[in-house]
Amino acid sequence: VEDAWAAMVERFPVLAPGRAAVRFAVDGAYEDFPEDQWDRMIGLMLTAPFLLTRYCWPAMKKQKWGRIVNMGSIHALIASPFKVGYIAAKHGLVGLTRTAALEGGEFGITVNAICPAYVRTPLVDNQIADQAKANKMSPDEVVQKIMLAPAAVKRPRRSIFDWYPRMYWTWRKGVRDVSRPVSGT
């Protein structure tokens, strides 16, 4: 597995794990949160990015260049009730990102986390209904008082994932050389 990842990194040295997590979230009160869900969430949103980074690391280090972009969320930076598994995993991802950035800087490897605020997706639509029930408020109140409260711009986003193709296109057009001086610190 490690050799396959190393070969992939030599060809495409920008790694962006975490996208699969968009389809996976479970809400619930802390004392009722299922342990099996905890294990799956930590596995998908924290262990998987760790392993992907670990497998790609030697090839990036050897070529003295690499980019890792982890997908966090607003919940990687602040907490909210009834999301213990998701928030723990995303906070862990930011810690993982910071550690890798410090270790990779001297080898030309940069590691960043993108932490968007509320993005209106089908998954979030379901969470709005759950939050409305848990907090005894209307769905509109959940959006305004819970989901948009910590955001600087108070409007729902359509999608954050349309930037993935642009990121690859930008890299192919020469950002690789422009970003070389980024140190990771």
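Keep in mind it's a predicted model, so treat the numbers as computed, not measured.

Asker: Please explain the overall build of the protein chain as it appears in this structure.
Answerer: Helix and strand counts for the protein chain come out as six helices and three strands. Secondary structure elements of the protein chain occur, N-terminal to C-terminal, as α-β-α-β-α-β-α-α-α. Each of the 185 residues in the protein chain was classed as buried or not, and the buried ones make up 39%. Of the contacts formed within the protein chain by residues at least 6 apart in sequence, a portion of 73% connects residues at least 24 apart. Carbon and sulfur atoms provide 57% of the accessible area of the protein chain, an area that totals close to 10800 Å².

Asker: Would you take a moment to explain the environment of T47 for this structure?
Answerer: Inspection of the secondary structure assignment puts T47 in helix α2 (residues 35-63). For T47, a relative accessible area of 35% corresponds to the partly exposed category. The spatial distance from the C-alpha of T47 to the C-alpha of A89 is 9.0 Å, given a sequence separation of 42 residues.

Asker: It is not clear to me how the environment of I74 should be interpreted in this structure. Could you clarify?
Answerer: Here I74 shows up in the loop between β2 (66-71) and α3 (84-104). By relative accessible area, which is 17% here, I74 ends up buried. Distance in space between the C-alpha atoms of I74 and I114 is 9.1 Å, their sequence separation being 40 residues.

Asker: Got a minute to help me understand the packing of α2 against α3 in this structure?
Answerer: For any two helices packed against each other, the geometry comes down to the angle between their axes and how far apart the axes lie. At a closest axis distance of 8 Å, the pairing of α2 and α3 adopts a crossing angle of 15°. If you check the angle between α2 and α3, you find them roughly parallel. Crossing hand, α2 versus α3: right-handed. Here W38, M41, I42, M45, L46, P49, F50 and W57 of α2 come into contact with α3, specifically with V84, G85, Y86, A88, A89, K90, G92, L93, L96, A100, E103 and G104. Of the residues that constitute the contact of α2 with α3, the class distribution is 15 nonpolar, three polar and two charged.

Asker: Help me understand the side chain of H75, please; the structure alone is not making it clear to me.
Answerer: As for its placement among the helices and strands, H75 is situated in the loop between β2 and α3. When neighbours within four sequence positions are excluded, H75 is seen to be in contact with S80, K83, Y86, I87, K90 and H91.

Asker: What's the story with α3 in this structure? I'm lost.
Answerer: What sets the pattern is the α-helix's 3.6 residues per turn: residues three or four places apart point alike. Look at α3: 30 Å from first C-alpha to last across 21 residues, which is about the 30 Å you get at 1.5 Å a residue. Listing the buried residues of α3 in full gives V84, G85, Y86, I87, A89, K90, L93, V94, T97, A100, A101 and G104. Among the structural elements, α2, β2 and β3 (109-114) are those in contact with the buried residues of α3.

Asker: Would you mind showing me how to read the confidence of the model for the protein chain here?
Answerer: In regions of low pLDDT, the predicted coordinates are not meant to be interpreted in detail. Considering every residue of the protein chain, the mean pLDDT works out to 77; 66% of them sit at 70 or more. In the model of the protein chain, helix α6 (residues 163-178) stands out as the element of lowest mean pLDDT, 47, in contrast to α3, which has the highest, 95. Note on residues 18-23: pLDDT under 50 across the span, and ten contacts to partners over four residues away in sequence or across chains. For the stretch residues 160-175, pLDDT sits under 50, and the model shows 23 contacts to residues farther than four places along the chain or on other chains.

Asker: Would you mind going over the pairing of β2 with me for this structure?
Answerer: On any regular strand, side chains alternate: one points to one face of the sheet, the next to the other face. When you tally the buried positions in β2, you get six out of six residues, the bulk of the element. Of the two faces of β2, the one carrying G66, I68 and N70 and the one carrying R67, V69 and M71 are both buried. The pairing of β2 with β3 spans six bridges and is parallel. What sits directly across from R67, in β3, is T110. Between the parallel elements β2 and β3, the chain passes through α3 in a crossover that is right-handed.

Asker: Explain helix α5 (residues 139-147) here, please?
Answerer: All of the buried residues in α5 are V142, V143 and M147. For α5, the angular spread of buried residues about the axis comes to 100°, placing them on one side. Residues of α5 that are exposed and point more than 90 degrees away from the buried face comprise D140 and K145. In the core, the buried residues of α5 are packed alongside α4 (122-135).

Analysis parameters
Residues numbered from 1 in each chain as written. Predicted model: local features only at pLDDT ≥ 70, side-chain atom pairs only at ≥ 80, totals over all residues. Heavy atoms only, no water. Helix = DSSP H or I, 4+ residues; strand = E, 2+ residues; numbered from the N terminus. Buried < 20%, exposed > 50% of the residue type's maximum accessible area, 1.4 Å probe, protein only. Contact = heavy atoms within 4.5 Å. Areas by Shrake-Rupley, 256 points an atom, 1.4 Å probe, with all protein chains shown as cover. Axes fitted to C-alpha atoms, helices over the stretch in contact; angles between N-to-C directions. Parallel < 35°, antiparallel > 145°, perpendicular 65-115°, else oblique. Left-handed = near helix turned anticlockwise from the far one by under 90°. Nonpolar A, V, L, I, M, F, W, Y, C, P; charged D, E, K, R; others polar. Expected span 1.5 Å × (residues − 1). pLDDT = per-residue confidence, 0-100. Pairing = 2+ DSSP bridges. Right-handed = clockwise from strand over helix to strand, strands pointing away. Arc of directions from axis to C-beta.

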